[in-house]
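Observations on chain architecture
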Amino acid sequence: MTRRGIAGGAAGVLLALILLGQSWAEIPRRIRFLSAFASKELAVRRLGGSGTAFDRRYFSFLENARRRIPRSAKGIVMLNAPANEPLTYLTMYQFAPLPVSFGPVRVGLEPSVPSGWFVAEYGGGPAPGRDLLPEGTVWGPAP
Amino acid sequence: MTLVLSLLAVAAALLVVSAVGVGTSVSFLPPERAFFLERLGWGDALGCAVLIAAVPIALGTGLAPRWGFVVLSAVAVLLGRRLRLTSRRRSALPGSVSIALLGVIALGVAVYALRALTEPMWANDFVAIWGLKGKTIYGAAGYPGRLTSLGFSHPEYPLGLPLLYAGLSFLTGRWDDHAMALLFPFLQAATLLVLFGWLRRRGASPTAAGLATATVAWFEPLYSAFLTGMAEVPLAFGLVLFGTSLADALDDTDAGAIRRLTAAAALIAAIKNEGLFFSVVGAMLALVFGKQRRWKIAIPPLAAALLVRALHWPWRSRIPLADFEGGLFSTSRVWDSLAAAGQLLGASAWIGLALVAVLILAGRSVAAGNRLLLLAGAGVAAYLVIPAFAVRGPSWLIETTLLRTTAALAPLTAAAVAARYAASPSAGPVDPADA
């Protein structure tokens, strides 16, 4: 067999190996996901996707809080956010470009809130002066 | 807004960016027909470069970024026309592959587009690093100082990709991290155009060039849903631009080669930290193989990469690196790194690497291919040695990064291997009119 023949065979086998190694089973699932979610708004598509799969309720809280907090806010203090790196990143990303500070988790220990910042408490119940969300509360701006 | 409308907006923005790049490319590629496909790919790269540069310039001067892009595009196109290359050489179009191979390549792009666009970009590094910075730049219309000390967001990384995200958002008028994923199959297609076009121009047969292109198009470790949003796909594109233009500059194929090399060096330095490393390796290869033109080839790209790094200075990290420490290096840690890499690869990966070795050995020694192999080999060596400095141990860095970082070398490696099957060292497609 010539060198060119060997090369042709190796190239063909390599391409076949790569084609066979594809995750073919995921393709119908992706098409189904796209057809189900394409007409929905962006936040719903993220809610249904992989990026929030580890805690969809927390993402729902972030999105509801984001919608409730006005654009004039200078930053967000998060209370009772899960101590989990991916959720910390998601929180920062979701509120960007606003800065986010993570307050103390212990109940009753109120953090100092800078002027113009809002507070979002995950899992917080109804209280005077707070906007109640399905998954927590939001209040502010701090004077 | 529904996904379809957002996708149309991003596609329109990418078309405009490409058109600006193609307009600028006349000063980087000669007006020969053999460069036709590469011009399309380079157009995408140059257009993205203009958009990346327009964002900080506009924000720094108080101009609306959209108008900043318009002004900088006009300057780039006019400058391109003024510095346009001329050529009397006649060459043929790169030609096409068989319908079957073309179908395989097109299907590879389509499948990656489906993977990339199924849902909003979600990878941890997109959310924590690239997307966070892009969204902040877009939303704040600036670069807040807090990002320079946000450790998990790696303030030591260059800002090319976040600026590109912000630029696209300024053009479309909204931050849409789902539709913006269209950028990734767009960059994949540009990579394939440059790969196929360069291989054909440098004498590879349509089948050899087509097989290399199809293999890259379907290379899932790179073109995956997970890497969509991260810097590997843009870097892989930049490395193909850099490697092919380095090979062209060393073989003195045309008057635009050093310009292309310089532009590619600036681009890769703007995308990832290792862009500067590859620019240094490229300069070393130029000094070794460049003969009388060695300094002429080595200096401009290295200077461009260093300039890009210097321009990042105001936004660089103000905190020490948390993941690496120079004093940790030892040979035993390098061995640990190699052992971890060996364990990481599965049987099919080893078979694939063995087939690549067969392809290298069965081909003939071609200078351009050899140099690209050296460039890719230097990248693999760096990715294997750097974990020896990792604070959390070599295995940790190997397990978390090696597959994706080395995957970015796949298109460059494909160019290197397929170049060994070129008909003659510098033969390109011949124009029948010359016969």
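Keep in mind that what you see is a predicted model, and the values were worked out from it rather than measured.

**Quick word on the overall build of chain A**
Each helix and strand counted, chain A has five helices and five strands in total. Going from the N terminus to the C terminus, chain A shows its helices and strands as α-α-α-α-β-α-β-β-β-β. Compactness check: chain A gives a C-alpha radius of gyration of 23 Å against a globular reference of 15 Å for 143 residues, more than 25% above the reference. Counting only C-alpha atoms and orienting by the principal axes, one finds that chain A spans roughly 85 × 30 × 30 Å. The burial tally for chain A puts 33% of its 143 residues in the buried class. A separation threshold of at least 6 residues defines the contact pool for chain A, and within that pool the share at least 24 residues apart is 60%.

**As for the overall build of chain B**
Check the secondary structure of chain B and you find 17 helices and zero strands. For chain B, whose C-alpha radius of gyration is 21 Å, the value lies close to the compact-globule estimate of 22 Å for 435 residues. The C-alpha extent of chain B, read off along each of the three principal axes, is 65 × 55 × 45 Å. Put simply, chain B has 435 residues, and 57% of those count as buried. Nonlocal contacts in chain B, meaning residues at least 24 apart in sequence, comprise 81% of its contacts between residues at least 6 apart.

**Re the domain arrangement of chain A**
Interfaces are often sized by the accessible area lost when the parts come together. Taken domain by domain, chain A holds domain 1 (1-39) and domain 2 (54-139). Here the C-alpha centre of domain 2 of chain A lies 44 Å away from the C-alpha centre of domain 1 of chain A.

**Digging into the pairing of strand β1 (residues 75-79) of chain A**
All names here are of chain A. Judged by how many residues are buried, β1 sits mostly within the fold: five of five residues are covered. Neither face of β1 is open: one carries G75, V77 and L79, the other I76 and M78, and all of them are buried. The pairing of β1 with strand β3 (residues 117-122) spans five bridges and is parallel. Paired with I76 across the two strands is F118, which belongs to β3. Here β1 runs beside strand β2 (residues 100-102); their pairing, made up of three bridges, is parallel. When the sheet's bridge partners are listed, M78 is paired in β2 with F102. The β-α-β motif built from β1, the intervening helix α5 (residues 85-95) and the parallel element β2 has right-handed crossover chirality.

**Regarding helix α12 (residues 294-311) of chain B**
Residue and element names in this part refer to chain B. For α12, spanning 18 residues, the distance from its first C-alpha to its last is 26 Å, which sits close to the expected 26 Å at 1.5 Å a residue. Every buried residue belonging to α12 is among I297, A298, P300, P301, L302, A304, A305 and V308, and all of these are buried. Close packing links the buried residues of α12 with α9 (232-251), α10 (257-271) and α11 (274-289).

**Let's talk about the interface of chain B and chain A**
Facing the 39 residues of chain B at the interface are 33 residues of chain A. Every element with two or more residues in the side of chain B that touches chain A is listed here: α1 (3-24), α4 (99-117), α5 (124-140), α8 (206-217) and α14 (347-362) of chain B. Looking at the side of chain B that touches chain A, the element that brings in the most residues is α5 of chain B, giving nine residues. Here the residues of the side of chain B that touches chain A are counted per class, giving 22 nonpolar, 11 polar and six charged.

**Here's the deal with the nonpolar core**
Membership of the largest hydrophobic core comes to 179 residues, with the highest contact counts inside it found for L195, L199, A415 and A418 of chain B. Tallying contributions element by element places helix α2 (residues 36-61) of chain B first for this core, with 14 residues. Shared between two domains, this core holds at least three residues of each, these being domain 1 (1-39) and domain 2 (54-139) of chain A. If sequence neighbours within four positions are ignored, L195 of chain B has contacts with A212, T213, V216, V240, P411, A414 and A415 of chain B. Residues A341, Y383, I386 and L397 of chain B belong to the second largest nonpolar core, which totals seven residues.

**Here's the deal with the sheet that holds strand β5 (residues 136-139) of chain A**
The strands making up a sheet associate through hydrogen bonds between their backbones, and the pairing can be parallel or antiparallel. Residue and element names in this part refer to chain A. Across the sheet, five strands lie side by side as β2-β1-β3-β5-β4; this open sheet has mixed pairing. Edge positions in the sheet fall to β2 and β4 (131-133), since each has one partner strand and no second. If you compare each strand with its neighbour and ignore which way they point, the axes differ by 20 degrees on average.

**Side note on the confidence of the model for chain B**
Averaged over every residue, the pLDDT of chain B is 92; residues scoring 70 or more account for 97%. ipTM for the predicted complex: 0.92, alongside a pTM of 0.94.

**Regarding helix α17 (residues 410-418) of chain B**
Residues and elements named next belong to chain B. α17 sits mainly inside the fold: nine of its nine residues count as buried. Those residues of α17 that sit buried are A410, P411, L412, T413, A414, A415, A416, V417 and A418. The secondary structure elements touched by the buried residues of α17 are α7 (183-201), α8, α9, α14, α15 (367-385) and α16 (394-407).

**Here's the deal with the confidence of the model for chain A**
Taken as a whole, chain A shows an average pLDDT of 88; of its residues, 94% reach a score of 70 or greater. When mean pLDDT is taken per element in chain A, helix α4 (residues 56-68) of chain A scores highest with 94 and β4 of chain A scores lowest with 86.

**Focus: unusual backbone geometry**
Cis rather than trans, the peptide bond between A96 of chain A and P97 of chain A has omega equal to 15 degrees. As for its placement among the helices and strands, P97 of chain A is situated in the loop between α5 and β2. The backbone of N80 of chain A shows a phi angle near 60 degrees, a positive value even though the residue is not glycine. The residue N80 of chain A is located in the loop between β1 and α5 in this model. The phi dihedral of A141 of chain B is positive, around 50 degrees, even though this residue is not glycine. Here A141 of chain B lies in the loop between α5 and α6 (160-172).

**What about the packing of α11 of chain B against α12 of chain B?**
All names here are of chain B. Where α11 meets α12, the axes come as close as 8 Å, and the angle between the chain directions of the two elements is 170 degrees. When the interaxial angle is binned, α11 and α12 end up roughly antiparallel. Between α11 and α12 lies a crossing of left-handed hand. On α12, the residues that touch G275, L276, S279, V280, G282, A283, A286 and L287 of α11 are R294, I297, A298, P301, L302, A305 and R309. For the contact of α11 with α12, a count of residues per class yields 10 nonpolar, three polar and two charged.

Cut-off values and rules
Residues numbered from 1 in each chain as written. Chains lettered and ligands numbered in written order. Predicted model: local features only at pLDDT ≥ 70, side-chain atom pairs only at ≥ 80, totals over all residues. Helix = DSSP H or I, 4+ residues; strand = E, 2+ residues; numbered from the N terminus. Rg over C-alpha atoms; globule rule 2.2 N^0.38 Å. Buried ≥ 20, exposed ≤ 12 C-beta atoms within 10 Å, placed from the backbone. Contact = placed C-beta atoms within 7 Å. Domains from an automatic or database assignment. Pairing = 2+ DSSP bridges. Right-handed = clockwise from strand over helix to strand, strands pointing away. Expected span 1.5 Å × (residues − 1). Nonpolar A, V, L, I, M, F, W, Y, C, P; charged D, E, K, R; others polar. Core = buried A, V, L, I, M, F, W, Y, C linked by C-beta atoms within 7 Å. Axes fitted to C-alpha atoms, helices over the stretch in contact; angles between N-to-C directions. pLDDT = per-residue confidence, 0-100. Parallel < 35°, antiparallel > 145°, perpendicular 65-115°, else oblique. Left-handed = near helix turned anticlockwise from the far one by under 90°.

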